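Observations on chain architecture
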Amino acid sequence: DAGITQSPRHKVTETGTPVTLRCHQTENHRYMYWYRQDPGHGLRLIHYSYGVKDTDKGEVSDGYSVSRSKTEDFLLTLESATSSQTSVYFCAISGLTDEQFFGPGTRLTVL
Amino acid sequence: GENVEQHPSTLSVQEGDSAVIKCTYSDSASNYFPWYKQELGKRPQLIIDIRSNVGEKKDQRIAVTLNKTAKHFSLHITETQPEDSAVYFCAASITTGGGNKLTFGTGTQLKVEL
């Protein structure tokens, strides 16, 4: 597996609380992505980054924000978590080629 | 935006048989089509991909075909084995050489029975 880690791996939180998920890579890849995976929907892109401090919205960005202050770290923040954001979140990276490689995922439950 | 449809949602085959999973896409500008395999509780793993300038690509027991005119692409697995049991996802994107926003299909649960 590519050098991608995600933290935490599991989290249970309550509605209305802020949550930050971290993706860390050791591949020095330029591009990083956040996806969510839900039954019946496959994987859907939330936000992506094409460089330090360069980010853009994906298909399902409402309720999420991201930051990338270093090449190796891409943070996903839920400012005020809702039950609809209960999901498995995957980070992915890609470099000079088009192939995207995924991290191990974070299972988030919002009660 | 791009829309990717994937069929079937579940597929059961006998060990040694072939399996075919089909996807269609909507944006004629899409030029990159990867396939991912995801085992239960694991991350998606890239197994093969194809670009729009190629009609077919093979890697051992796995092959992918692309029909740009019809805007569909398929994954073919021959001589299936129990370890092929997993969920398979197709995806499509427009890429200009580094960085691309993948749109995924909804997945196919493949079960290879002994």
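Refer to the structure above for everything that follows.
Only a predicted model underlies this, so the values are computations on that prediction, with no experimental measurement involved.

Attention shifts here to the sheet that holds strand S8 (residues 73–78) of chain A. Residues and elements named next belong to chain A. Sheet architecture is open: 4 strands sit in the order S1-S3-S8-S7, paired in antiparallel fashion. A strand with exactly one partner marks an edge of an open sheet, and here the two such strands are strand S1 (4–7) and strand S7 (64–70). When the angles between neighbouring strand axes are averaged without regard to direction, this sheet yields 20°.

With that settled, the discussion passes to the state of the cysteines. Applying the stated rule across the entire model yields 2 disulfides over all chains. Shown here is the disulfide that connects cysteine 23 of chain A with cysteine 91 of chain A, its sulfur atoms set 1.9 Å apart. Taking the sign of the torsion about the S-S bond as the criterion, the disulfide between cysteine 23 of chain A and cysteine 91 of chain A, at about -70°, is left-handed. Within this pair, whereas cysteine 23 of chain A is found in strand S3 (residues 19–25), its partner cysteine 91 of chain A is found in strand S9 (residues 87–94), the two being separated by 68 residues in sequence. With respect to burial, cysteine 23 of chain A and cysteine 91 of chain A carry one shared label: buried. Note on cysteine connectivity: cysteine 23 of chain B is disulfide-linked to cysteine 90 of chain B, with sulfurs 1.9 Å apart. Across the disulfide from cysteine 23 of chain B to cysteine 90 of chain B, rotation about the S-S bond amounts to roughly -100°, and the bridge is consequently left-handed. With cysteine 23 of chain B in strand S3 (residues 19–25) and cysteine 90 of chain B in strand S9 (residues 86–92), this residue pair connects regions lying 67 residues apart in the sequence. Since its relative accessible area comes to 1%, cysteine 23 of chain B is described here as buried.

Once that is clear, we can look at the packing of aromatic side chains. Residue and element names in this part refer to chain B. Using the criterion set out here, one finds 16 aromatic pairs over all chains in the structure. Ring plane angle 50° and centroid distance 4.9 Å describe the contact between phenylalanine 33 and phenylalanine 73, whose orientation is recorded as tilted. Taken together, the residues phenylalanine 33 in strand S4 (residues 32–38) and phenylalanine 73 in strand S8 (residues 72–77) connect sequence positions 40 residues apart. Taking relative accessible area as the criterion, phenylalanine 73 reaches 0% and is therefore assigned buried. With centroids separated by 5.6 Å and ring planes inclined at 70°, the aromatic side chains of tryptophan 35 and phenylalanine 73 adopt a geometry described as edge-to-face. Highlighted residues: tryptophan 35 in strand S4 and phenylalanine 73 in strand S8, separated in sequence by 38 residues. Its relative accessible area of 0% is what places tryptophan 35 among the buried residues.

What counts and how
- Residues numbered from 1 in each chain as written.
- Chains lettered and ligands numbered in written order.
- Predicted model: local features only at pLDDT ≥ 70, side-chain atom pairs only at ≥ 80, totals over all residues.
- Heavy atoms only, no water.
- Pairing = 2+ DSSP bridges.
- Helix = DSSP H or I, 4+ residues; strand = E, 2+ residues; numbered from the N terminus.
- Axes fitted to C-alpha atoms, helices over the stretch in contact; angles between N-to-C directions.
- Disulfide = S-S within 2.5 Å.
- Buried < 20%, exposed > 50% of the residue type's maximum accessible area, 1.4 Å probe, protein only.
- Phe/Tyr/Trp six-rings, centres within 6.5 Å; stacked < 30°, edge-to-face > 60°.

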